[in-house]
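Given next are the chains, with one letter for each unit.
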Amino acid sequence: MKEEIKRTNHVVLTSHSNQIYKESIPVHWGAKNPKERGPIVATISDKGNRNAIGTHSGSYTVYRALSIATGNFPQDHVADLVNTHATTVIGPHDSWKDPEKLVSIDPWGAQINEHYKDYIDKGIDVRPTIAVTQARLGIMEIKEAIEKGRLPVDGKIVTKEGDIKVTKVAIEPVWYLPGIAKRFNMEEGELRKVLFQETGGMFPELVTRPDLKVLLPPIGSSTAYVFGNPDDLANPDVELTCRVHDECNGSDVFGSDICTCRPYLTHGIEDAARTAQRGGVGLIVYFRKEGRALGEVTKFLVYNARKRQEGGDSASNYFYRTECVAGVEDARFQEFMPDVLNWFGIKKIHNLHSMSNMKYDAIVGSGIEVVNRLSIPKELVPADAQVEIEAKKAAGYFTEEEVMDDKGLDKVQGRELEDGEE
Ligand SMILES: [Zn+2]
């Protein structure tokens, strides 16, 4: 067994009084500049410097722990950040200096080397929580859009190979707990207590260290794909087409036909690229909130319950079956979603590809103007997803089409389960 493993045999609980480090670097959330705000230190290579709860990489921190446990990963590794800097510098924007505008992102998290070099030089392990790079997207539906002449090859946004050029930004959640509590209209203490209890007591500091105000939660990150010049996102005079998309692995990646997620996403990408081609800018933000943030196991259980219910899968019972299995129709919260938009300095969205009122209300409530709302075109809805789309429209999701009454909803039926079921 390697040396690093032996050292972990002595377990120090974070509730021990000797874990309270008076010399922790203070965090002044929403301060006017990064120096005054202070770095967020969440690495565990030197516990004494930590001024945040949780650690980097979201849910992947568990894999990191396993890697250390098996001796493959040096526990005291310090990141070498040479050449990792952003391909495009975003901001700073006014929202970065407002403690209430951004509560779930570290606005300075993309430029750790620039802002916190003096700390890094002193050996403090400050890590980026945002990374910006460039990519080309090769998507089947986009190639079709090019072939059919809906997207011209311009060499600037759409390459002659049929790929789309983008800037992509990975953003890890960094939660300022007092701000998060305020968004939910609750006491910080209550929020911390419930987070501690309902994760099986994962982070004792939530209750033992009220002085630590920042949490890096073990959840998925978000990714923003920018079509065109990222600087234009902050200019309300430049046309912006945007979709904020919650992950649906079954549809997004595997093309499962029970919902509209992939066609909505690829339609959004096509329109975002087209907007950039006519001098505007496009943005797709992809949030890891699988199955309405209930997870895939719950989602698949709901599919079966929907299809096996008396009378079959119908639009009239769509939300009801989810609530029966999960306890709630939808566990997503959109309260923090606009933080990504505000981080980019967005003030106006000209074309919002979303039918969700929760998303729309959250965006408008965060001070961003929305000009047009766009629902998914009828011809892109898969046959088995008619149940979902009609149920959503009847429940008040945004649409320009006619909304069905109860009788009509009963008639919208999904496919039955096939071979081997019962
Ligand atoms: Zn879906």
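See the structure above.
Just so you know, these numbers come straight off a predicted model, no measurement behind them. (Residues numbered from 1 in each chain as written. Predicted model: local features only at pLDDT ≥ 70, side-chain atom pairs only at ≥ 80, totals over all residues. Heavy atoms only, no water.)

*Asks:* Would you mind showing me how to read the overall build of the protein here?
*Replies:* When its secondary structure is counted, the protein shows 18 helices and 10 strands. Oriented by its inertia axes, the alpha-carbon framework of the protein measures out at about 65 × 55 × 45 Å. Considering only residue pairs separated by 6 or more positions, the protein has 71% of its internal contacts joining residues 24 or more positions apart. Counting only carbon and sulfur atoms, one obtains 52% of the accessible surface of the protein, whose full area is about 20700 Å². (Helix = DSSP H or I, 4+ residues; strand = E, 2+ residues; numbered from the N terminus. Contact = heavy atoms within 4.5 Å. Areas by Shrake-Rupley, 256 points an atom, 1.4 Å probe, with all protein chains shown as cover.)

*Asks:* In this structure, what is going on with the nonpolar core? I would like to understand it.
*Replies:* One broad rule of soluble globular proteins: the nonpolar side chains tend to lie buried together. Counting residues in each nonpolar core, the largest one holds 40 residues, and the members touching the most others are Leu283, Leu341, Trp343, Phe344, Ile346, Ile349 and Ile363. Broken down by secondary-structure element, the contributors of at least two residues to this core are β2 (130-137), β3 (164-171), β6 (222-227), β7 (240-246), β8 (281-287), α15 (338-343), β9 (348-353) and α16 (357-365). At 4 residues, β8 tops the list of elements feeding residues into this core. The next biggest cluster of nonpolar side chains, apart from the first, holds 19 residues, and it includes Ala145, Val158, Leu265 and Ala276. (Core = buried A, V, L, I, M, F, W, Y, C linked by side-chain atoms within 4.5 Å. Buried < 20%, exposed > 50% of the residue type's maximum accessible area, 1.4 Å probe, protein only.)

*Asks:* Is there a simple way to explain the coordination of the zinc ion in this structure?
*Replies:* Ideal geometry at a metal gives 109.5 degrees between four tetrahedral donors and either 90 or 180 degrees between six octahedral ones. For the zinc ion, every protein donor is listed as Cys248 (SG), Cys259 (SG) and Cys261 (SG), and the spread of their distances is 2.2 to 2.3 Å. In primary-sequence terms, the residues that donate to the zinc ion follow C-x10-C-x1-C. Of this pair, Cys248 sits in the loop between β7 and α10 (249-252) while Cys261 sits in helix α11 (residues 261-277), and the two are 13 residues apart along the sequence. Both residues of the pair, Cys248 and Cys261, belong to the buried class. (Donors = N, O, S within 2.8 Å, 3.2 Å for Na, K, Ca; no water.)

*Asks:* Would you take a moment to explain the pattern of salt bridges for this structure?
*Replies:* Oppositely charged side chains can form a pair if their charged atoms are brought close together. What the rule picks out here adds up to 28 salt bridges. A salt bridge links Lys307 to Asp313; its shortest N-O distance comes to 3.9 Å. Just as Lys307 is buried, Asp313 falls in that class too. Overlapping salt bridges bring together Asp257, Arg306, Lys307, Asp313, Asp384 and Arg415 as one network. (Salt bridge = Lys/Arg side-chain N within 4 Å of Asp/Glu carboxyl O.)

*Asks:* Would you take a moment to explain the sheet that holds strand β1 (residues 53-54) for this structure?
*Replies:* Strand-to-strand pairing in sheets goes through backbone hydrogen bonds, with the strands running parallel or antiparallel. Strands sit in the order β1-β5-β4 across an open sheet of 3 strands; the sheet is mixed. With partners counted over all chains shown, the strands left at the sheet margins are β1 and β4 (175-176), one partner each. (Pairing = 2+ DSSP bridges.)

*Asks:* Looking at this structure, how should I read the sheet that holds strand β10 (residues 369-374)?
*Replies:* Spatial strand order, β2-β3-β6-β8-β7-β9-β10: 7 strands in an open sheet with mixed pairing. The strands lining the two open edges of the sheet, one partner per strand, are β2 and β10. Put simply, the sheet's adjacent strands are angled 25 degrees from each other on average, direction ignored. In the sheet, β6 pairs with β8 via 6 bridges, with the strands oriented antiparallel. Counterpart to Ser222 in the pairing with β8 is Phe287. (Axes fitted to C-alpha atoms, helices over the stretch in contact; angles between N-to-C directions.)

*Asks:* Explain the packing of aromatic side chains to me, please; I cannot follow it from the model alone.
*Replies:* For any pair of aromatic rings, the description rests on two quantities: the centre-to-centre distance and the angle between the ring planes. Enumeration over the complete set of coordinates arrives at 10 aromatic pairs. With a centroid separation of 5.1 Å and 85 degrees between ring planes, the pair formed by Trp96 and Trp108 is classed as edge-to-face. Here the residue Trp96 occupies a position in the loop between α3 (61-69) and α4 (112-115), and Trp108 occupies one in the loop between α3 and α4, the gap between them amounting to 12 residues. With a centroid separation of 5.9 Å and an interplanar angle of 20 degrees, the aromatic rings of Phe300 and Tyr303 are classed as stacked. With Phe300 and Tyr303 both in helix α13 (residues 296-308), this residue pair falls 3 residues apart, about one helical turn. Put simply, the rings of Trp96, Trp108, Trp343 and Phe344 pair up and form one aromatic cluster. If you follow Arg243 out to its NZ or CZ, it ends over the ring of Tyr264, 4.0 Å from the centre. The lysine or arginine in question, Lys289, covers the ring of Phe287, its NZ or CZ lying 4.9 Å from the ring centre. (Phe/Tyr/Trp six-rings, centres within 6.5 Å; stacked < 30°, edge-to-face > 60°. Lys NZ or Arg CZ within 6 Å of the ring centre and 35° of its normal.)

*Asks:* Looking at this structure, how should I read the packing of helix α6 (residues 140-147) against α11?
*Replies:* To describe two helices that pack against each other, one gives the angle between their axes and the distance between the axes. Relative orientation of the contacting elements α6 and α11 amounts to 50 degrees, with a least axis distance of 9 Å. Considering the angle they form, α6 stands oblique to α11. The chirality of how α6 crosses α11 is right-handed. Touching Met140, Glu141, Ile142 and Ala145 of α6 are Arg262, Thr266, Ile269 and Glu270, all from α11. Here the contact of α6 with α11 is composed, by residue class, of 4 nonpolar, 1 polar and 3 charged. (Parallel < 35°, antiparallel > 145°, perpendicular 65-115°, else oblique. Left-handed = near helix turned anticlockwise from the far one by under 90°. Nonpolar A, V, L, I, M, F, W, Y, C, P; charged D, E, K, R; others polar.)

*Asks:* Any chance you could explain the pairing of β6 here in plain terms?
*Replies:* Note on strand geometry: in a regular strand, side chains alternate between the two faces of the sheet. With 5 of 6 residues buried, β6 is to be regarded as a mostly interior element. Relative to β6, β3 is paired through 5 bridges, and the arrangement is antiparallel. Bridging from a neighbouring strand, Ala170 pairs with Thr223 of β6.

*Asks:* When you look at unusual backbone geometry in this model, what are you seeing that I'm missing?
*Replies:* Both trends apply: most residues other than glycine have a negative phi, and most peptide bonds are in trans. Note that the residue after Gly91, namely Pro92, is joined by a cis bond; omega there is 0 degrees. Structurally, Pro92 can be placed in the loop between α3 and α4. The phi torsion at Asn83 lies on the positive side, around 70 degrees, for a residue other than glycine. Here Asn83 shows up in the loop between α3 and α4. A relative accessible area of 67% means that Asn83 is categorised as exposed.

*Asks:* What is the right way to read the side chain of Glu188 from this model?
*Replies:* Examined against the element boundaries, Glu188 turns out to sit in helix α8 (residues 188-198). Here Arg192 takes part through its side chain, which lies 2.8 Å from a polar atom of the side chain of Glu188. If sequence neighbours within four positions are ignored, Glu188 has contacts with Leu177, Pro178, Ala181 and Lys213. (Polar contact = N/O pair within 3.5 Å; in protein donor to acceptor, adjacent residues only side chain to side chain.)

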